[in-house]
Amino acid sequence: MLNKLFSKGNNQVSFLVCDKEYDSPELKDLLAWFKNGGWSFEEKNWYLAGSQEITVYEVTKGNITAQLVFETYEGVTLSTSSENEHLFSEIRVNT
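The residue numbers shown here count from 1 along each chain, following its written sequence. In keeping with the predicted nature of the model, local features appear solely for residues at pLDDT of at least 70, side-chain atom pairs appear and are counted solely at 80 or more, and the whole-chain, interface and lining totals rest on all residues. Side-chain metrics in this entry use all non-hydrogen atoms of the structure; hydrogen atoms and water are not considered.

(A) Local environment of the nonpolar core. As used in this record, nonpolar core signifies buried Ala, Val, Leu, Ile, Met, Phe, Trp, Tyr and Cys residues forming a set joined through side-chain atoms within 4.5 Å. Residue burial is assigned from relative accessible area. The probe radius is 1.4 Å, only protein chains are included, and a residue is buried under 20% of its type maximum, exposed over 50%, and partly exposed in between. Counting residues in each nonpolar core, the largest one holds 17 residues, and the members touching the most others are Val-17, Leu-30, Phe-34, Leu-68, Val-76, Leu-78 and Phe-88. Those elements that place two or more of their residues in this core are strand 1 (12-18), helix 2 (25-36), strand 4 (64-71) and strand 5 (75-81). Not counting residues within four places of it along the chain, the set of residues in contact with Val-76 comprises Phe-15, Leu-16, Val-17, Cys-18, Lys-20, Glu-21, Leu-27, Leu-30, Leu-68, Val-69 and Phe-70. Where helices and strands are cited, they refer to DSSP runs of H or I of at least four residues and of E of at least two residues respectively, numbered from the N terminus. Contact between two residues is taken to exist if any of their heavy atoms lie within 4.5 Å; hydrogens are not considered.

(B) Molecular detail of the sheet that holds strand 1. The antiparallel open sheet is built from 5 strands, whose spatial order is 1-5-4-3-2. The sheet terminates laterally at strand 1 and strand 2 (40-49), the two strands that pair on one side only. The sheet shows a mean angle of 20° between the axes of neighbouring strands, taken without regard to direction. Together, strand 1, strand 2, strand 3 (52-61), strand 4 and strand 5 form the strand contacts of helix 2, whose direction differs from that of strand 1 by roughly 130°. Strands are labelled as partners when DSSP assigns at least two bridges between them. Fitted lines through C-alpha atoms serve as axes, helices being fitted only where they are in contact, and the angles separating the N-to-C directions of these axes extend from 0 to 180 degrees.

(C) Looking closely at the packing of aromatic side chains. In this scheme Phe, Tyr and Trp rings, the latter by its six-membered ring, pair at centre separations within 6.5 Å, and the angle between planes marks the pair as stacked below 30 degrees, edge-to-face above 60, and tilted otherwise. Per the counting criterion, the structure on display carries 7 aromatic pairs. A centroid spacing of 6.1 Å and a plane angle of 55° characterise the contact between Trp-33 and Phe-88, whose relative ring orientation is tilted. Residue Trp-33 is found in helix 2, and its partner Phe-88 is found in the segment after strand 5; the two are separated by 55 residues along the sequence. Ring geometry for Phe-34 against Trp-39: centres 5.7 Å apart, planes inclined by 80°, an arrangement best described as edge-to-face. The exposure class assigned to Trp-39 is buried, which follows from its relative accessible area of 10%. In this structure an aromatic cluster arises from ring pairing among Trp-33, Phe-34, Trp-39, Phe-41 and Phe-88.

Structure, rendered in structure tokens:
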């Protein structure tokens, strides 16, 4: 499932937008950025494997769609089309 989501073959890019997937000032700032920008959230999937939890949200604004993947121990990753990548440059974590 995640390989399909992050596959470059379908013109998708992904990058880290938050180092922690749980309650933190960084996460609050990220969610505020989406809220203040008029984005809508919808939970799409939830997975659990041992202590690893993965929750996938679809965020939309008009005809622009992105996926936020909250993964225990890994942080929050955003996946979107390469043509929309520039819209999220200010929230990208530089790694």
